[in-house]
Amino acid sequence: MADIDGAAVPERLLITRTTTGDGVGIVILAGEVDLDGSSQLHDVLLSCVQSAPGTVVDFGEVAFLDSSGINVLISAHRAAESRGVWLRLAAPRHAVERVLQLVGVDALIACYPTVKQALAG
């Protein structure tokens, strides 16, 4: 992996963007995806789907996801779809996975147990 950029919302959400050798974007999240960090996450995801052939969002270190985060994911999905590229979610913890299931995002955006599986699609 190469091309690492990092951005942080103090104490709440850490967003790291990495690009694989074949140009696929991986957005690694740690912390809480809520209103405080959703604007920055929106910008990062839109940048990824506009420049990469595919994007994986790694939720492995996310403890909380609220409706603002759900809205960001739906917006990024729509942007990816309009460009003809893919967006996949990876490694959500049980609490986050439950939210994704309750609102139906898991039916809209493919969700995988690991980043490796999400990359393989």
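See above for the structure.
As the structure is a computational prediction, the values presented were derived from the model and not from experiment.

**Quick notes on the overall build of the protein chain**
- Scanning the protein chain from terminus to terminus reveals five helices and six strands.
- Scanning the protein chain from its N terminus toward the C terminus, one meets helices and strands in the order β-β-β-α-β-α-β-α-α-β-α.
- Going through the 121 residues of the protein chain one by one, you find that 44% of them count as buried.
- Considering only contacts within the protein chain whose residues lie at least 6 apart along the sequence, 63% involve residues at least 24 apart.
- Between the averaged position of the 8 positive side-chain charges in the protein chain and that of its 14 negative side-chain charges there is a distance of 6 Å.

**Some thoughts on unusual backbone geometry**
- Positive phi values are uncommon outside glycine, yet Ala-91 reaches one of about 55 degrees.
- Note on placement: Ala-91 falls in the loop between β5 (86–90) and α3 (94–103).

**Some remarks on the pattern of salt bridges**
- Tallied over the entire structure, the rule returns four salt bridges.
- Across the salt bridge formed by Asp-36 and Arg-12, the nearest N and O atoms sit 2.8 Å from each other. Of this pair, Asp-36 sits in helix α1 (residues 35–51) while Arg-12 sits in the loop between β1 (2–9) and β2 (13–19), and the two are 24 residues apart along the sequence.
- On the basis of relative accessibility, which here comes to 30%, the residue Arg-12 falls in the partly exposed class.
- Among the ionic pairs, Arg-93 bridges to Glu-61, the shortest N-O distance being 3.3 Å. Here Glu-61 lies in strand β4 (residues 54–65) and Arg-93 lies in the loop between β5 and α3, a separation of 32 residues in the sequence.
- Classification of Arg-93 by relative accessible area gives partly exposed; the value is 37%.

Rules and cut-offs
Residues numbered from 1 in each chain as written. Predicted model: local features only at pLDDT ≥ 70, side-chain atom pairs only at ≥ 80, totals over all residues. Heavy atoms only, no water. Helix = DSSP H or I, 4+ residues; strand = E, 2+ residues; numbered from the N terminus. Buried < 20%, exposed > 50% of the residue type's maximum accessible area, 1.4 Å probe, protein only. Contact = heavy atoms within 4.5 Å. Lys, Arg positive; Asp, Glu negative; His and termini not counted. Charge placed at Lys NZ, Arg CZ, Asp CG, Glu CD. Salt bridge = Lys/Arg side-chain N within 4 Å of Asp/Glu carboxyl O.

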